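Here's the letter readout for the chains.
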Amino acid sequence: MNIKIKRMKHEKSLLHRLALPVCKICEDYKLMKIKASLTSMKRPNVILILLLGFAVPVSGRAQAEETHEFDEYSGVIGDLPVGMVLSISDGTITQGSHYYYRKYLKDIPLKGVAAGELHLTEPGGGTFILHYIDNKSTPVSADNSTGLMGTWANNGKTLPVKLTHDGAGNYAPGHRYADLTNEGDAHFEARIQGFYDGVLANKPDATSQSISFPLRVNTPDGHYMIIHNATELKQKWGLIFSAAWLRALAATSPHDLPVLKGHAMIGAGLAFFGPKGLEVVNTIR
């Protein structure tokens, strides 16, 4: 089956699981069809609720640059968690392809070729030799794959690599968030990373700097509350950020996030960020 058809079917199935409440600037509830590439939802027990309705300017610079379709992966090199973003055109790894270690969140550019196996190189001399696999780790073609497996080597050291395909997106390198902001990726993600670090460190004051108040907090029973300011955030902190929610957040990465209808999503719908910061949280009990 063609890989694009597979993704379309996967995205369609995910849409049925989305409950879409109004944006905070809208008056009525409405359902909207989302036309965006989704990453795989690794925690289906998380209720995915997206606020819609913004008319968001698109970066003129991003529009002027050539866009590519990027496949996105997460997994491990040895026992180190990593993410990888790859774009392949005519058997060549194109600009914007990279990988990063979750501990550092620093993109490491990749070049190389894809002819059955993927042979990738990085500036520091590291090399990947990868092949496509299915859910049983059996070698398959790209169209039928669910991930990549192989090795990474550098300076005489070789480590196993296993990556899961999370989704795909089409954007210009450095402007994956062009649907919601004119800022470059690093600038936009700085707020997300500030929120991520602040909430995991249990620091309400630092966390509030990355929130675009009023903040909407959706609960699993279909209700919601509005947090208007930093003072209210402190008062409701434990109700919003439960131990289960924090564990789920810690298992994610605040980098290379998928964009759904003008919002960047972290985790399988744990939270959604707009142009100026966090706008929606979906709680977990």
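Going by the structure above, here's the rest.
Here is a short report on the structure shown in this document.

Cut-offs and rules
- Residues numbered from 1 in each chain as written.
- Predicted model: local features only at pLDDT ≥ 70, side-chain atom pairs only at ≥ 80, totals over all residues.
- Heavy atoms only, no water.
- Pairing = 2+ DSSP bridges.
- Helix = DSSP H or I, 4+ residues; strand = E, 2+ residues; numbered from the N terminus.
- Contact = heavy atoms within 4.5 Å.
- Axes fitted to C-alpha atoms, helices over the stretch in contact; angles between N-to-C directions.
- Buried < 20%, exposed > 50% of the residue type's maximum accessible area, 1.4 Å probe, protein only.
- Polar contact = N/O pair within 3.5 Å; in protein donor to acceptor, adjacent residues only side chain to side chain.
- Arc of directions from axis to C-beta.
- Expected span 1.5 Å × (residues − 1).
- Bend = angle between axes of the 7 residues up to and from the residue.

### Examining the sheet that holds strand β18 (residues 271–274)
The strands making up a sheet are joined through hydrogen bonds of the backbone, oriented either antiparallel or parallel.
Turning to step 1, where the next piece is worked out: Pairing is mixed across the open sheet formed by six strands, whose spatial order is β15-β14-β19-β18-β17-β16. What marks the edges here is a single partner per strand, and that holds for β15 (224–227) and β16 (259–260).
Turning to step 2, where the next piece is worked out: Bridge count between strand β17 (residues 263–266) and β18: three bridges; the pairing is antiparallel. Its bridge partner being in β18, A264 is matched across the sheet by F273.
Turning to step 3, where the next piece is worked out: Relative to β18, helix α3 (residues 185–200) is tilted by about 145 degrees, and along the sheet it contacts β17, β18 and β19 (277–282).
Turning to step 4, where the next piece is worked out: Its contacts with the sheet put helix α5 (residues 230–240) on β14 (211–218), β15 and β19, and the angle it makes with β15 is roughly 145 degrees.

### Brief notes about unusual backbone geometry
Turning to step 1, where the next piece is worked out: With an omega of 0 degrees, the peptide bond between F213 and P214 qualifies as cis.
Turning to step 2, where the next piece is worked out: Summarising the element assignment, P214 is placed in strand β14.
Turning to step 3, where the next piece is worked out: One non-glycine residue with positive phi stands out, namely L105, at about 55 degrees.
Turning to step 4, where the next piece is worked out: Inspection of the secondary structure puts L105 in the loop between β7 (98–101) and β8 (108–109).
Turning to step 5, where the next piece is worked out: Judged by relative accessible area, which is 21%, L105 ranks as partly exposed.
Turning to step 6, where the next piece is worked out: Within the chain, N155 stands out as a residue other than glycine whose phi angle is a positive 50 degrees.
Turning to step 7, where the next piece is worked out: Checked against the element boundaries, N155 lands in the loop between β12 (147–154) and β13 (157–171).

### Here we look at the side chain of N282
Turning to step 1, where the next piece is worked out: Mapped onto the secondary structure, N282 falls in strand β19.
Turning to step 2, where the next piece is worked out: Classification of N282 by relative accessible area gives buried; the value is 1%.
Turning to step 3, where the next piece is worked out: A distance of 2.7 Å separates the side chain of N282 from the backbone oxygen of G269, its partner in a polar contact.

### Some words on the pairing of strand β11 (residues 127–133)
Turning to step 1, where the next piece is worked out: Of the strand pairs in this sheet, strand β10 (residues 117–121) and β11 are connected by four bridges, and their pairing is antiparallel. Paired with H119 across the strands is I129, a residue of β11.
Turning to step 2, where the next piece is worked out: Here β10 hands over to β11 after five residues, with G125 in that stretch at a positive phi of 100 degrees.
Turning to step 3, where the next piece is worked out: Bridge count for β11 against β12 is seven bridges, and the pairing is antiparallel. By the bridge assignment, F128 is partnered in β12 with W152.

### A closer look at helix α6 (residues 243–250)
Turning to step 1, where the next piece is worked out: What α6 keeps buried is the set A244, W245, A248 and L249. Mapping the buried residues of α6 onto a view down its axis gives an arc of 135 degrees, with all of them on the same face.
Turning to step 2, where the next piece is worked out: For α6, the elements touching its buried residues are α3, α5, β17, β18 and β19.

### Comments concerning α3
Turning to step 1, where the next piece is worked out: Compared with an ideal rise of 1.5 Å per residue, which puts 16 residues at 22 Å, α3 spans 22 Å between its outermost C-alpha atoms and is within 8% of the ideal.
Turning to step 2, where the next piece is worked out: By the largest-angle criterion, R191 marks the main kink of α3, which is about 25 degrees.
Turning to step 3, where the next piece is worked out: For α3, every residue scored as buried is listed here: D185, F188, E189, R191, I192, F195, Y196, G198 and V199.
Turning to step 4, where the next piece is worked out: Packed against the buried residues of α3 are α4 (204–208), α5, α6, β17, β18 and β19.
Turning to step 5, where the next piece is worked out: N202 sits one or two positions beyond α3 and adopts a positive phi of about 60 degrees.

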